[in-house]
Structure formats: structure tokens, C-alpha cells
Amino acid sequence: MEKQSRKEKAAAVKERIFSTAASLVKEKGYDNVTVSEICTRAGIAKGSFYLHYRSKEDIIRESYYTDLGSYIEGRYAAFLREFPHSSGKQRVLRFLQLELEFAEQAGYELTCLAYSLNLGACVPGPSEHMQRRSFSRILYQEITSNLETTETGRSAADIFTYLESAVRGVMATWCFSNHAFHMEDAGATYLAWAVDSVFLGQKADFS
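Residues numbered from 1 in each chain as written. Predicted model: local features only at pLDDT ≥ 70, side-chain atom pairs only at ≥ 80, totals over all residues. Heavy atoms only, no water.

(A) The overall build of the chain, seen in detail. A count of helices and strands for the chain gives 11 helices and 0 strands. Moving toward the C terminus, one meets the helices and strands of the chain in the order α-α-α-α-α-α-α-α-α-α-α. Against the compact-globule benchmark of 17 Å for 207 residues, the chain has a radius of gyration of 18 Å, which places it among compact chains. Referenced to the eigenvectors of the C-alpha coordinate spread, the extents of the chain come out at roughly 55 × 45 × 35 Å. A burial count over the chain gives 41% of its 207 residues as buried. Sequence-distant contacts in the chain: of pairs separated by 6 or more residues, those separated by 24 or more amount to 71%. In the chain, 24 positive and 26 negative side-chain charges are present, and the distance between their average locations comes to 6 Å. (Helix = DSSP H or I, 4+ residues; strand = E, 2+ residues; numbered from the N terminus. Rg over C-alpha atoms; globule rule 2.2 N^0.38 Å. Buried < 20%, exposed > 50% of the residue type's maximum accessible area, 1.4 Å probe, protein only. Contact = heavy atoms within 4.5 Å. Lys, Arg positive; Asp, Glu negative; His and termini not counted. Charge placed at Lys NZ, Arg CZ, Asp CG, Glu CD.)

This is how it looks when you write it as C-alpha cells:
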């Protein structure tokens, strides 16, 4: 129990560092934020910062890997506890919505920087992007567990790639359009259209 408590405490500190950094970047811009300022605002020592991140740039690099993973896993587990009898369509849609909610929290500049930095890392190859997004296994499991792929004529792997591409496409368009639409509202509608095209006949709302 004590070991688990330490793990949970460390996860909470890391999330506080990230959310603080994201808030500061929104307020002042990435170039105007320092590690010292992040630590002061988060109420932690610099040593605690460097236990979780190697540098300010590392926050950008890790934002759509470990930080997004922690965000999704915790909130998705809470969703399942609240709605244990939710349909496969509801579960898949909620998972994808959480990706958009994270982007909204991270903010426009940080999200754009993360895309740029991580796409640049793919150029030399081989890319470890998909392997590092280990939380995506949740989406794949929900697809394989809750969808009769024979009815759609598509494999689970194809549907997974399609839905992952849909959520990334929404995020990329949000970046390229200078956040011209609200990520959680309009973005969630766009994702619902994509999920509807796969889960024909299943309800997405909780009425």
C-alpha cells in the first residue's frame, strides 16, 4: 500500500507540473516560461521537476505520450466506474473525446509544438511514436470487444487506424486553423460522425 501511495503521489506531482506548465504557456508563450517559474507556480522544488522531466522542451516532447496517457487512463477508468453498462460506441467515443479534452487543456501553442517536435523525430526513423502511445491499446481493445467487424467489412486494425486518424486530423486542423473552432465542442461533433460511421445502430448518448 505504501509503495502504491508513493506512485500515486509521484503521478499527481507530474500532472501538477504539466498542468502548471500548460497554464503558463497559455498565459505568456512557451519562450517566456522558465523551469524556475514552473516550479514556483507548481509549489515544488527544482529537484522534483527533474525527476519527471529533463528540460522544459521535454514537457513538449512527452505531452502527447506519458502526459496524455496518464490523463486518459485515469479519466477513462472513472468513466467506466460511472457508466459500467455503457455501449461499445459510447466507450470509443468517450476515449476519443478525452484526447480532445487533453489538447484543450494543453493549449494551442503547446499542442502545435508537440506535433512539430514529434513529427520531426519521425524523419530520421524508425519512429517509435505508435509504440510510445501505449494508452491507445484501450481504444483497440474496445473496438475488438464491442464491434462485430464482419458487419462493417473492415478489420479491427483498420477501424483503429481510421479512428486514430480522425482524432489526430481534428487536432491538426485545430492547429492549422489557428484554433478556429472549439476543440471539445465542435471537435467532439466531428468525432461523433466518425464513430457513427463505424458503430451503426448503437446509441452514443446516455438517455
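(B) Up close: the pattern of salt bridges. Summed over the entire model, instances satisfying the criterion amount to 14 salt bridges. The partner of D67 in a salt bridge is K14, with the nearest N and O atoms 2.7 Å apart. With D67 in helix α4 (residues 56–82) and K14 in helix α1 (residues 2–28), this pair connects stretches of sequence that are 53 residues apart. By relative accessible area, which is 7% here, D67 ends up buried. Residue E73 is joined to R137 by a salt bridge in which the shortest nitrogen-to-oxygen separation is 3.6 Å. Here R137 lies in helix α8 (residues 136–146) and E73 lies in helix α4, a separation of 64 residues in the sequence. (Salt bridge = Lys/Arg side-chain N within 4 Å of Asp/Glu carboxyl O.)

(C) Highlighting the packing of aromatic side chains. All chains considered together, the criterion is met by 13 aromatic pairs. Look at Y64 and Y115: their rings are 6.3 Å apart centre to centre, the planes differ by 70°, and that puts the pair in the edge-to-face class. With Y64 in helix α4 and Y115 in helix α6 (residues 108–122), this residue pair connects regions lying 51 residues apart in the sequence. Both rings, one in Y140 and one in F160, keep their centres 5.6 Å apart while their planes meet at 80°; by these two values the pair is edge-to-face. With Y140 in helix α8 and F160 in helix α10 (residues 156–176), the pair connects residues that are 20 residues apart, well separated along the chain. Judged by relative accessible area, Y140 falls into the partly exposed class, the value being 33%. Assessed through its relative accessible area of 13%, F160 is described here as buried. Three or more aromatic residues joined by ring pairs form one cluster here, namely F18, Y64, Y71, F102 and Y115. (Phe/Tyr/Trp six-rings, centres within 6.5 Å; stacked < 30°, edge-to-face > 60°.)

(D) Representation of the side chain of K14 within the structure. Accessibility expressed as a relative area gives 17% for K14, which makes it buried. When near neighbours in sequence (up to four residues on either side) are disregarded, K14 contacts H52, Y53, T66 and D67.

(E) Structural context of helix α5 (residues 88–106). Here α5 is 19 residues long and its end C-alpha atoms lie 27 Å apart, about the 27 Å a rise of 1.5 Å per residue gives. Burial within α5 is extensive, with 15 of its 19 residues counted as buried. Just beyond α5, the residue with positive phi is G107, at close to 95°. (Expected span 1.5 Å × (residues − 1).)

(F) Representation of the environment of Y50 in the model. Structurally, Y50 can be placed in helix α3 (residues 46–52). A C-alpha to C-alpha distance of 12 Å links Y50 and F18, two positions 32 residues apart in sequence.

(G) Representation of the nonpolar core within the structure. Counting residues in each nonpolar core, the largest one holds 57 residues, and the members touching the most others are F49, L96, I143 and L163. Every element with two or more residues in this core is listed here: α1, α2 (35–42), α4, α5, α6, α8, α10 and α11 (186–198). Broken down by element, this core gets its largest block of residues, 10 residues, from α10. Those residues in contact with L96 that lie beyond four places of it in its chain are L139, L163, V167, L191 and V195. (Core = buried A, V, L, I, M, F, W, Y, C linked by side-chain atoms within 4.5 Å.)

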